[in-house]
Amino acid sequence: MTKLSVNINKVATLRNSRGGNTPNVLQAAIDVQEFGGDGVTVHPRPDERHIRYKDVYDIRPVIKTEFNIEGYPSKEFIDLVLAVRPHQVTLVPDPPEALTSNAGWDTVTHMTFLQDVIGRFSDAGIRTSIFVDTDLKNIEGAVKTNTDRIELYTEPYATNFTKDREAAIAPFVEAAELANKIGLKINAGHDLNLDNLKYFNERIPYLKEVSIGHALISDALYIGLEKTIQLYKQQLIK
Ligand SMILES: CC(=O)[C@@H](O)[C@H](O)COP(=O)(O)O
Ligand SMILES: NCC(=O)COP(=O)(O)O
């Protein structure tokens, strides 16, 4: 079964809209694991508009499953990850002002930088993953960065799924086949939801983990967090 890591950024976005501590982000991290999530993902950004650096420190001790920290590897981010020591770090090439992640790494152009950062995390015993699109040159470049995993950037799949699901999935299957062949493990995420997740999971070989936030937290407003997590987990049965 593919693992579900629940991204709780949007819980923090709601909290931050009022100040105070409602909803409680720490309790959300505890509950998503209690309700069957296989991990917790956070993506701190420089302006701390959702998950704050302090949240990341606070959440670490309540993790009983797997903690995945995503973000752009600025000096502050690298220091945070090395201090908190999650199970996995996912490097994302977001510029600071990005509304949300909107591209994968150009692994050829940024090879030396990625090799250096990945080396530092690997030396600290933290599993590494890098966010990439399905361009095969970026998959081939990824293996040379020495990353353990890639996270396939699934927004193009989600956008095209409603028009032509076969065409939408095809580049992701090809990318996953190549990644597996050259020794990379595969995660995926961005804009996955209850409509498009089952087909993605069925069609993508070797998929180890998906991280889902925006749609899952939105669904939870209607059907509750526990039921929502169970529904997402059901989509991930192979
Ligand atoms: C890498 C990725 O796709 C996610 O981390 C995404 O950026 C979710 O974060 P937000 O919901 O804060 O945009
Ligand atoms: N890595 C993707 C992630 O954590 C969540 O993305 P989204 O479901 O909020 O689009």
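Preceding this paragraph is the structure being described.
Now for a quick tour of the structure. Source: prediction; values computed, not measured.

Turning next to helix α4 (residues 75-84). F77, I78, L80, V81 and V84 are the residues of α4 that are buried. Buried residues along α4 cover an arc of 160° about the axis, so they all sit on one side. Backbone geometry just after α4 places R85 at a positive phi near 55°.

Judged by pairing direction, the barrel is parallel, and its eight strands sit side by side in the order β1-β2-β3-β4-β5-β6-β7-β8 before closing back on the first. Geometrically, the sheet is characterised by an average inter-axis angle of 25° between neighbouring strands, direction not taken into account. Here strand β3 (residues 67-71) runs beside strand β4 (residues 88-91); their pairing, made up of four bridges, is parallel. Bridge pairing in β4 links G71 to L91. Across the face of the sheet, α4 comes into contact with β3 and β4 while running at roughly 175° to β3. Relative to the sheet, helix α8 (residues 165-181) contacts β6 (149-153) and β7 (185-189), its axis offset from that of β6 by approximately 175°.

This part is about the site of ligand 2. Taken together, N7, T41, E70, E151, G189, H190, D191, S211, I212, G213 and H214 make up all the residues around ligand 2. Here N7 contributes a side-chain N or O atom positioned 2.8 Å from an oxygen atom of ligand 2. S211 has a polar side-chain atom sitting 2.7 Å from a nitrogen atom of ligand 2. Calculation on ligand 2 without its partners gives an accessible area of 310 Å², and the protein chains cover 91% of this total. Partitioning the shell around ligand 2 into residue classes produces one nonpolar, seven polar and three charged.

For ligand 1, the full set of nearby residues is N7, N9, K10, H43, R45, H50, E70, V92, T100, S101, F131 and H190. R45 places a polar side-chain atom, nitrogen or oxygen, 2.8 Å from an oxygen atom of ligand 1. Here ligand 1 loses 93% of its free accessible area of 350 Å² to cover by the protein chains. Taken together, the residues of the shell around ligand 1 sort by class into two nonpolar, seven polar and three charged.

Note on pairing: side chains with opposite charge can pair once their charged atoms come close. The full count for this structure, using the stated rule, is twelve salt bridges. We note a salt bridge from D94 to R45, for which the minimum N-O separation is 3.0 Å. Of this pair, D94 sits in the loop between β4 and α5 (111-123) while R45 sits in the loop between β2 (39-42) and α3 (53-59); the two residues are 49 residues apart in sequence, bridging distant segments of the chain. Here D94 and R45 have matching classes, each one buried. A salt bridge links R49 to D47, with the shortest nitrogen-to-oxygen separation between them at 3.1 Å. Of the residues examined, R49 reaches a relative accessible area of 26% and is grouped as partly exposed. Overall, the relative accessible area of 46% leaves D47 in the partly exposed class.

The rules behind the values
- Residues numbered from 1 in each chain as written.
- Chains lettered and ligands numbered in written order.
- Predicted model: local features only at pLDDT ≥ 70, side-chain atom pairs only at ≥ 80, totals over all residues.
- Heavy atoms only, no water.
- Buried < 20%, exposed > 50% of the residue type's maximum accessible area, 1.4 Å probe, protein only.
- Helix = DSSP H or I, 4+ residues; strand = E, 2+ residues; numbered from the N terminus.
- Arc of directions from axis to C-beta.
- Pairing = 2+ DSSP bridges.
- Axes fitted to C-alpha atoms, helices over the stretch in contact; angles between N-to-C directions.
- Contact = heavy atoms within 4.5 Å.
- Near = heavy atom within 4 Å.
- Polar contact = N/O pair within 3.5 Å; in protein donor to acceptor, adjacent residues only side chain to side chain.
- Areas by Shrake-Rupley, 256 points an atom, 1.4 Å probe, with all protein chains shown as cover.
- Nonpolar A, V, L, I, M, F, W, Y, C, P; charged D, E, K, R; others polar.
- Salt bridge = Lys/Arg side-chain N within 4 Å of Asp/Glu carboxyl O.

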